[in-house]
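Residue-level structural notes
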Amino acid sequence: MAAAEGYADRVQAGQVLAERLGDADLRDPVVLGLARGGVPVAAEVARGLGAPLRVCVARKIGAPGHAELAIGAVTAAGPATYDERMVRSFGLDEQGMREAADQEREEARSREERFQVGERVPLADRDVVLVDDGLATGATARAAVRMLREAGPRRIVLAVPVGAPDAVESLSHEADEVISVLRPPDFAAVGQWYRDFKATEDAEILDILHSFA
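Residues numbered from 1 in each chain as written. Predicted model: local features only at pLDDT ≥ 70, side-chain atom pairs only at ≥ 80, totals over all residues. Heavy atoms only, no water.

**Here we look at the overall build of the chain**
We apply this condition: Counting from the N terminus, the helices are DSSP H or I runs at least four residues long and the strands are E runs at least two residues long. The buried label applies to any residue whose accessible area, calculated with a 1.4 Å probe on protein chains only, is under 20% of its type's maximum; exposed applies above 50%, and partly exposed to all values in between. Note on contacts: a residue pair is in contact if any heavy atoms of the two residues lie within 4.5 Å. Every accessible area reported is derived by Shrake-Rupley at a probe size of 1.4 Å, with residue values counting cover from the shown protein chains alone. Asp and Glu are treated as the negative residues and Lys and Arg as the positive ones, with His and the ends of the chain left uncounted. Where a charge lies is defined by one atom per residue type: Lys uses NZ, Arg uses CZ, Asp uses CG and Glu uses CD.
If you tally the helices and strands in the chain, you get seven helices and eight strands. Taking the principal axes of its C-alpha atoms as reference, the chain extends roughly 45 × 40 × 30 Å. Split into buried and exposed, the 213 residues of the chain put 50% on the buried side. Looking at the chain alone, contacts between residues at least 24 apart form 66% of all its contacts between residues at least 6 apart. Looking at the chain as shown, the accessible area adds up to about 10,200 Å², and 46% of this sits on carbon and sulfur atoms. Positive and negative charge centroids in the chain, built from 25 and 36 side chains respectively, lie 1 Å apart.

See the structure below:
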């Protein structure tokens, strides 16, 4: 089990999350890891559930001059989602928002192609377990859930090792169920709950995917 202070790394976090999901009533599940950091976590979940693993790509739309601050997110296929409060605070116009979304959508498409290993797995009438390494604003998870709805799954379960309480609450109105092992009231960033939170590289993702192929 996870210590109160967090996890050693994404692998341990995934193992703990897999234990939690073992009690869920999942039917014919498929596990999708949000690229990039969610994929190592999702791999452990997929192994624990004996389920196929695939990658889901959602890209954060950064605020002007503050690329790490999400004002929204977009997937390769779905519409962009925005935090209206953030959009108003930066005074963004429709054209600027569209240009930023289009740029990130193209990157999402490129990454989807890069991470397509093996045959596509149908999602219709199955339980989809969408996994990330944590929820901060929940922007990318929200965009991913809305895109996945279009595939007709029976149920979407969003599962994370740690999440900001307000993000977990917000996403509970998007996914059919949100599972967050830790919901610390003093949450500031996902990385603070991991002792090893180094960046996940494309090569690591491809190695993981090939191990499931």
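So that's the structure; there's more coming.
**Looking at the side chain of Asp-127**
Rule in force here: Nitrogen and oxygen atoms within 3.5 Å of one another constitute a polar contact, given that in protein one can donate a hydrogen and the other can accept it, and given that sequence-neighbouring residues count only through two side-chain atoms.
Here Asp-127 shows up in strand β6 (residues 127–131). A polar contact is formed between the side chain of Asp-127 and the backbone nitrogen of Arg-27, at a distance of 2.8 Å. Not counting the four nearest positions on each side in its chain, Asp-127 is found in contact with Asp-25, Leu-26, Arg-27, Asp-28, Pro-29, Val-30, Arg-154 and Arg-155.

**Considering the pattern of salt bridges**
Filter applied, for reference: The term salt bridge refers to a pairing of a side-chain nitrogen on Lys or Arg with a carboxyl oxygen on Asp or Glu at a separation within 4 Å.
Considering all chains together, one arrives at 16 salt bridges under this definition. The closest approach of N and O atoms between Arg-36 and Asp-202, which form a salt bridge, is 3.0 Å. Remark: Asp-202 occurs in helix α7 (residues 202–212) and Arg-36 occurs in the loop between β1 (30–34) and α2 (38–49); sequence separation between them is 166 residues. The exposure class assigned to Arg-36 is partly exposed, which follows from its relative accessible area of 26%. Judged by its relative accessible area of 16%, Asp-202 falls in the buried class. The salt bridge involving Arg-105 is made with Asp-102; its shortest N-O contact spans 3.1 Å. With Arg-105 and Asp-102 both in helix α4 (residues 94–114) and three residues apart, the pair spans about one turn of that helix. Relative accessible area serves as the criterion here: at 39%, Asp-102 is assigned to the partly exposed category. Through salt bridges that share partners, Asp-127, Arg-154, Arg-155 and Glu-177 make up one connected network.

**As for the sheet that holds strand β7 (residues 155–162)**
Let me state the cut-off plainly: Being paired, for any two strands, means DSSP has found at least two bridges between them. Axes here refer to lines fitted to C-alpha atoms; in helices the fit is confined to the stretch in contact. Angles between the N-to-C directions go from 0 to 180 degrees.
Overall, parallel pairing links the five strands, which are arranged β2-β1-β6-β7-β8 in an open sheet. In this open sheet, the two edge strands, each paired with only one partner strand, are β2 (53–56) and β8 (177–182). Put simply, the sheet's adjacent strands are angled 25° from each other on average, direction ignored. Judged from the five bridges that link them, β6 and β7 form a sheet pairing that is parallel. Its bridge partner being in β7, Val-128 is matched across the sheet by Ile-156. Across the sheet, helix α1 (residues 10–21) lies against β6, β7 and β8, angled at about 130° from β8, the strand it touches most.

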